[in-house]
Amino acid sequence: MQLLDGKAVAVKKRQEIAENVEEFIQSQQRAPGLAVVLVGEDPASAVYVRNKIKACEQVGVLSFEHRLPERTSLKELQTLITRLNQDDQVDGILVQLPLPKRLNEHDVLSWIDPQKDPDGLTTENLGLMLSGRARIYSCTPNGVMEILKHYDISIEGKLAVVVGRSNIVGKPMALLLQHANATVTVCHSRTPDISLHTKQADLVVVAAGKKALLGKKDFKQGAVVVDVGMHREVVDGKTKLCGDVRFEELDGWVSAATPVPGGVGPMTITMLLHNTLQLAKQRLEVG
Ligand code: NAP
């Protein structure tokens, strides 16, 4: 089984991004900027935000961190996002999800200027992606495509199954695979027998958010398996990450698979940096 090493692909891609950021700085006399907004105290979200800020530093993207207390009102959040929309130093605005339950995610995302939406979650950017005219593609699915490209895994004409249909992962993943000419099936929580579908597939992308959901018996021999799932568990006092797939069962059965950690995760952040730079360049063109 070939290990699809997202960490190694990310290192290479980040080097490329850092060079492009440097060129941008030389020509514009400023760095691309990413604002990260975190509401509340969710520990996993705090880790993700910290990693995003660190990654920005690595490639020369400016980051602006906005940590707001759990009690933040919709109005306060709207005021901040409006200000960031108008700030010329900010090319991307990322609101870390999930938000506290009382804040309607759809409302909050709708306030982000689509020209500054590196996650591709505004209605306009989702529509552009659907019609094949995307400004940018959602970070995680785009990161998966980069991994497949790096390892020369052909997609055209293949049977692909995506498990999960969220706006941030499953749906744009299915779209990107269709754009690459795969025949795509999407499974979700109401699919009676997921295995029936995954066992036929040449390529399976699993993004269900259910720990250890699938294993060897769910995949065709020689299939390619990409595990987007990310779960934290504490073992002997140490935090461990694991995915939606029982990775340890796959060797000797599937042809290639991503591990967790070290698979899709590093590529998600990498594509966030890529998208921020893309948006910065596109704003120049728009004027
Ligand atoms: P989400 O919004 O909770 O969506 C999960 C999707 O999976 C839903 O469409 C749901 O179906 C489906 N699903 C849930 N249980 C299922 C089951 N038993 N069988 C089949 N489908 C099932 O989650 P998400 O934001 O897409 O994220 C998915 C996972 O990826 C999470 O573990 C998340 O932490 C991880 N993630 C990782 C990265 C990374 O960088 N590695 C980035 C983003 C997300 P319904 O639509 O029917 O509810």
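**Student:** Report on the pairing of strand 5 (residues 159-163), specifying residues and quantitative values.
**Tutor:** Most of strand 5 sits out of view: four of its five residues are buried. For the segment spanning strand 5, helix 7 (residues 170-179) and strand 6 (residues 183-187), crossover handedness is right-handed. Here strand 5 runs beside strand 7 (residues 203-206); their pairing, made up of four bridges, is parallel. Opposite Val163, over in strand 7, you have Val206 as the bridge partner.

**Student:** Got a sec to walk through the sheet that holds strand 2 (residues 33-39)? Specific residues and values, please.
**Tutor:** In any sheet, the strands associate via hydrogen bonds between backbone groups, in a parallel or an antiparallel arrangement. The parallel open sheet is built from three strands, whose spatial order is 3-2-4. Since the sheet does not close on itself, it has two edges, and those belong to strand 3 (62-68) and strand 4 (92-95), each with one partner. Each strand of the sheet is rotated relative to its neighbour by a mean of 15°, with strand direction disregarded. Where strand 2 and strand 3 come together, seven bridges link them in parallel fashion.

**Student:** Any chance you could break down the domain arrangement of the protein for me, citing the residues and the numbers?
**Tutor:** For the protein, the assigned domains read domain 1 (31-114) and domain 2 (139-265). Between the C-alpha centres of domain 1 and domain 2 the distance comes to 28 Å.

**Student:** Describe the site of the ligand, naming the residues involved and giving the relevant values.
**Tutor:** Around the ligand lies a shell of 21 residues, among which Arg165, Ser166, Ser189, Val228 and Thr268 are the nearest. For the ligand, an oxygen atom lies 3.2 Å from a polar atom in the backbone of Met230. Considering the ligand on its own, with 930 Å² of exposed area, one finds that the protein chains cover 71% of that surface. Residue classes in the shell around the ligand are distributed as nine nonpolar, 10 polar and two charged.

**Student:** So what's going on with the sheet that holds strand 5? Which residues, and what values?
**Tutor:** Pairing is parallel in the open sheet, where six strands are placed in the order 1-11-8-7-5-6. In this open sheet, the two edge strands, each paired with only one partner strand, are strand 1 (2-3) and strand 6. By the bridge criterion, five bridges tie strand 5 to strand 6 in an arrangement that is parallel. Bridging from a neighbouring strand, Leu159 pairs with Thr183 of strand 6.

The rules behind these values
Residues numbered from 1 in each chain as written. Predicted model: local features only at pLDDT ≥ 70, side-chain atom pairs only at ≥ 80, totals over all residues. Heavy atoms only, no water. Buried < 20%, exposed > 50% of the residue type's maximum accessible area, 1.4 Å probe, protein only. Helix = DSSP H or I, 4+ residues; strand = E, 2+ residues; numbered from the N terminus. Right-handed = clockwise from strand over helix to strand, strands pointing away. Pairing = 2+ DSSP bridges. Axes fitted to C-alpha atoms, helices over the stretch in contact; angles between N-to-C directions. Domains from an automatic or database assignment. Near = heavy atom within 4 Å. Polar contact = N/O pair within 3.5 Å; in protein donor to acceptor, adjacent residues only side chain to side chain. Areas by Shrake-Rupley, 256 points an atom, 1.4 Å probe, with all protein chains shown as cover. Nonpolar A, V, L, I, M, F, W, Y, C, P; charged D, E, K, R; others polar.

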